Amino acid sequence: MLVAATSNFFEYKIRVGYSKSELVNSVQEIQHPSVKHCLLFNGMKGNLDILIASDLPARTGLGSSSSFTVGFLHAINALNGELKSKFEIAK
């Protein structure tokens, strides 16, 4: 997973790349549910480039979605200069 800030050079404010590529101007337009709700929860508004890659396919029942969400929350917090504990992420 890669989460990086981008400039205002592009016509879109947020790019989310996974099995699809989403180029949107607001968090509300994002289709990926975990990405959308993590960004909304943390008050992120844009200028983000998010790349998601996984060795596990979706819907395997192995908890990959939950693991991704925890990792993504850690990445968002790190981008904001905050490091939260496991307990704080769980809350």
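The structure displayed is predicted, hence computed values, not measured ones. (Residues numbered from 1 in each chain as written. Predicted model: local features only at pLDDT ≥ 70, side-chain atom pairs only at ≥ 80, totals over all residues. Heavy atoms only, no water.)

1. Description of the side chain of Asp 49
Along the chain, Asp 49 falls in strand 4 (residues 48-51). A polar side-chain atom of Asp 49 sits 2.5 Å from a polar atom in the side chain of Arg 15. Leaving out residues up to four positions away in the same chain, Asp 49 has contacts with Leu 2, Val 3, Ala 4, Thr 6 and Arg 15. (Helix = DSSP H or I, 4+ residues; strand = E, 2+ residues; numbered from the N terminus. Polar contact = N/O pair within 3.5 Å; in protein donor to acceptor, adjacent residues only side chain to side chain. Contact = heavy atoms within 4.5 Å.)

2. Some remarks on the side chain of Glu 22
Residue placement: Glu 22 occurs in strand 3 (residues 21-24). Lys 20 is the oppositely charged side chain nearest to the buried, salt-bridge-free Glu 22, at an N-O distance of 5.2 Å. Engagement of the side chain of Glu 22 in a polar contact is seen with the backbone nitrogen of His 32, the distance being 3.2 Å. Beyond its immediate stretch of four places on either side in the chain, Glu 22 contacts Ile 14, Arg 15, Val 16, Glu 29, Ile 30, Gln 31 and His 32. (Buried < 20%, exposed > 50% of the residue type's maximum accessible area, 1.4 Å probe, protein only. Lys, Arg positive; Asp, Glu negative; His and termini not counted. Salt bridge = Lys/Arg side-chain N within 4 Å of Asp/Glu carboxyl O.)

3. A look at the layout of surface pockets
In this model, the largest pocket occupies a volume close to 510 Å³. Surrounding the largest pocket, 18 residues form its lining, His 32, Ile 52, Ser 64, Ser 65 and Phe 68 being those nearest its centre. Broken down by secondary-structure element, the contributors of at least two residues to the lining of the largest pocket are helix 1 (33-41) and helix 2 (64-79). The biggest single contributor to the lining of the largest pocket is helix 2, with 5 residues. (1 Å grid on protein atoms, 1.4 Å probe; cavity = no way out; pocket = protein on both sides within 12 Å on 5 of 7 lines; lining within 4 Å. Points joined across faces, edges and corners; volume = space filled by probe spheres on them.)

4. Quick look at the nonpolar core
Counting 18 residues, the largest nonpolar core has Ile 30, Val 35, Leu 39, Ile 50 and Phe 72 as its most contacted members. Counting only elements with at least two residues in this core, the list comes to strand 2 (14-17), helix 1, strand 4 and helix 2. When residues of this core are assigned to their parent elements, the largest contribution, 4 residues, is made by helix 2. What Ile 30 contacts, discounting residues up to four positions off in sequence, is Ile 14, Val 16, Glu 22, Val 24, Val 35, Lys 36 and Leu 39. (Core = buried A, V, L, I, M, F, W, Y, C linked by side-chain atoms within 4.5 Å.)

5. A closer look at the pattern of salt bridges
With the rule as written, the count across this model stands at 2 salt bridges. Between Arg 15 and Asp 49 there is a salt bridge; the shortest N-O distance is 2.5 Å. Pair noted here: Arg 15 is in strand 2 and Asp 49 is in strand 4, with a separation of 34 residues, a long-range link.

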